[in-house]
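# Descriptive analysis of the structure
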Amino acid sequence: MTQNPDQDKVDRLVRHRREGLARALAVVSALLGLGLIGVSLVKLLFGATSSVGVFSSAQAVQGILGAVLIWVVLTGAAKRFFLTAFARPANQLRVFLFPLLVWPLFLLYRFAIEQRGDVKVYLRRITEGSLVEWLSFILLLFSAWLLWQAASDWGTFKDRLAGRALAALLFIAAMEEMSWGQMIFNWGTPELLDRLNRQQETNMHNLAVFHDSTWTAFAVVFTLLAALSAMNYWLPSRYSWRRSRLAVLVLPASCAFSYFAIAALIYWGVVVEKSGVDLAYLHTREQEIAECLAAIGIFIHCVSLYLKPSQCASPLGSE
């Protein structure tokens with residue numbers, strides 16, 4: 001049977017995008033690995049005379065993890081993994097289960113930290129400006145680009161406008177995470193923002209007028225994203241509205257549910273903490289972990305849209 005020329009064109013586009021995305025993620029993995037090794041070496045060689053902290057077993061594990069990342073990139077295993085993950089919808093289950101399997105290990109790690117009294121060191125690793133926040137920034141920025149590119153394939157102006165409007169919101173969220181570059185270039189906060197911003201930063205989410213409600217707002221947003229992901233899985237695909245691009249845009253990939261659900265759970269804990277109730281083994285700075293998990297979920301959804309230009313009205317993984 002002769003292949004439909006339009007479908008053949010779309011298939012080539014999907015292969016091209018999958019290859020490009022796999023290469024890009026492999027490069028990011030290599031850079032992350034180099035960063036982990038570099039920080040570990042600095043702590044090993046200069047930890048006693050610098051502000052980065054002394055070398056410990058945690059830094060040793062960090063350096064080993066960086067070396068493993070470099071090895072899988074150099075052997076091509078990273079690229080093959082990403083290609084396989086994107087090409088096989090059945091791998092959604094692995095994506096869904098990953099945070100659920102890792103989270104109990106993290107809780108054990110968190111419990112051990114509390115017992116040893118190393119909470120301050122741990123909090124420095126996850127607070128603003130840490131690797132956790134940088135990952136959130138990179139994932140949101142990458143997601144904005146992927147969604148902008150995906151929307152360019154959508155047929156109607158209304159669909160393209162909706163997709164690119166959401167991409168613009170993701171870009172704003174990414175820039176807010178880094179205070180529009182202030183965290184990178186360390187410039188002084190403009191006088192007006194210095195007066196209005198609770199943390200004297202160049203961003204909007206810490207403005208005094210709604211700063212005290214941001215935790216609840218984030219908790220509600222993450223809960224809504226988790227609910228929409230669940231809807232994408234449980235609601236029958238035969239519903240006519242499920243075939244619209246707008247529905248696929250606002251219904252995150254179902255395999256991202258676990259990321260949004262854990263993020264929502266952490267943030268509701270932060271809301272309780274901010275209300276004055278002390279929760280054991282939870283610190284408000286762990287909101288950065290929640291934001292990173294949500295950024296991963298958003299990235300998964302944007303990847304699913306980017307890699308299915310001819311099926312963008314179908315849920316990820318549908319046949």
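Look a little higher up for the structure.
Model, not experiment: these values are computed from the prediction. Counting starts from 1 at the beginning of each chain's written sequence and moves along it residue by residue. With the structure being a predicted model, the display of local features is reserved for residues of pLDDT at least 70 and the display and counting of side-chain atom pairs for 80 or more, all residues being used for whole-chain, interface and lining totals. The side-chain quantities take in all heavy atoms of the structure and omit both hydrogens and water.

### Thoughts on the packing of helix H4 (residues 92-116) against helix H5 (residues 119-126)
The packing of two helices is summarised by the inter-axis angle and the distance between the axes. Condition: Inter-axis angles, ranging from 0 to 180 degrees, are taken between N-to-C directions of lines fitted to C-alpha atoms, where helices are fitted over the stretch in contact. Secondary structure elements are defined from DSSP: runs of H or I of at least 4 residues count as helices, runs of E of at least 2 residues count as strands, and each element is numbered from the N terminus. Just so you know how the angles are binned, under 35 degrees is roughly parallel, over 145 roughly antiparallel, 65 to 115 roughly perpendicular, and the rest oblique. Throughout, a contact is declared for two residues whenever any of their heavy atoms are within 4.5 Å.
Contact geometry for H4 and H5: axes closest at 8 Å, N-to-C directions at 135°. Relative to H5, the element H4 is oriented oblique. Touching Phe 106, Tyr 109, Arg 110, Ile 113 and Glu 114 of H4 are Val 119, Tyr 122 and Arg 125, all from H5.

### With respect to the packing of aromatic side chains
What counts is decided by this rule: Each aromatic pair joins two rings of Phe, Tyr and Trp (for Trp, the six-membered one) with centres within 6.5 Å, and gets the label stacked for planes under 30 degrees apart, edge-to-face for over 60, and tilted for any other angle. Only protein chains enter the calculation, and the probe is 1.4 Å; a residue is then buried if its accessible area is under 20% of its type maximum, exposed if over 50%, and partly exposed in between.
Scanning all chains against the criterion turns up 13 aromatic pairs. Their ring planes at 90° and their centres at 5.1 Å tell us that Tyr 233 and Trp 234 sit as a pair that is edge-to-face. Each of the two residues, Tyr 233 as well as Trp 234, counts as exposed. Site record: aromatic cluster; members linked through ring pairs are Trp 103, Phe 106, Tyr 109 and Tyr 122.

### Quick notes on helix H12 (residues 257-274)
Just so we agree on the cut-off: To estimate the expected span of a helix, count its residues, drop one, and scale the result by 1.5 Å.
For H12, which comprises 18 residues, the first-to-last C-alpha distance of 25 Å matches the rise-based estimate of 26 Å (1.5 Å per residue) to within 8%. Taken as a whole, H12 has its buried residues at Ser 258, Tyr 259, Phe 260, Ile 262, Ala 263, Ala 264, Ile 266, Tyr 267, Gly 269, Val 270, Val 271 and Glu 273. For H12, the elements touching its buried residues are H4, helix H10 (214-234) and helix H13 (287-306). Phi turns positive one or two residues past the end of H12, at Gly 276, with a value near 105°.

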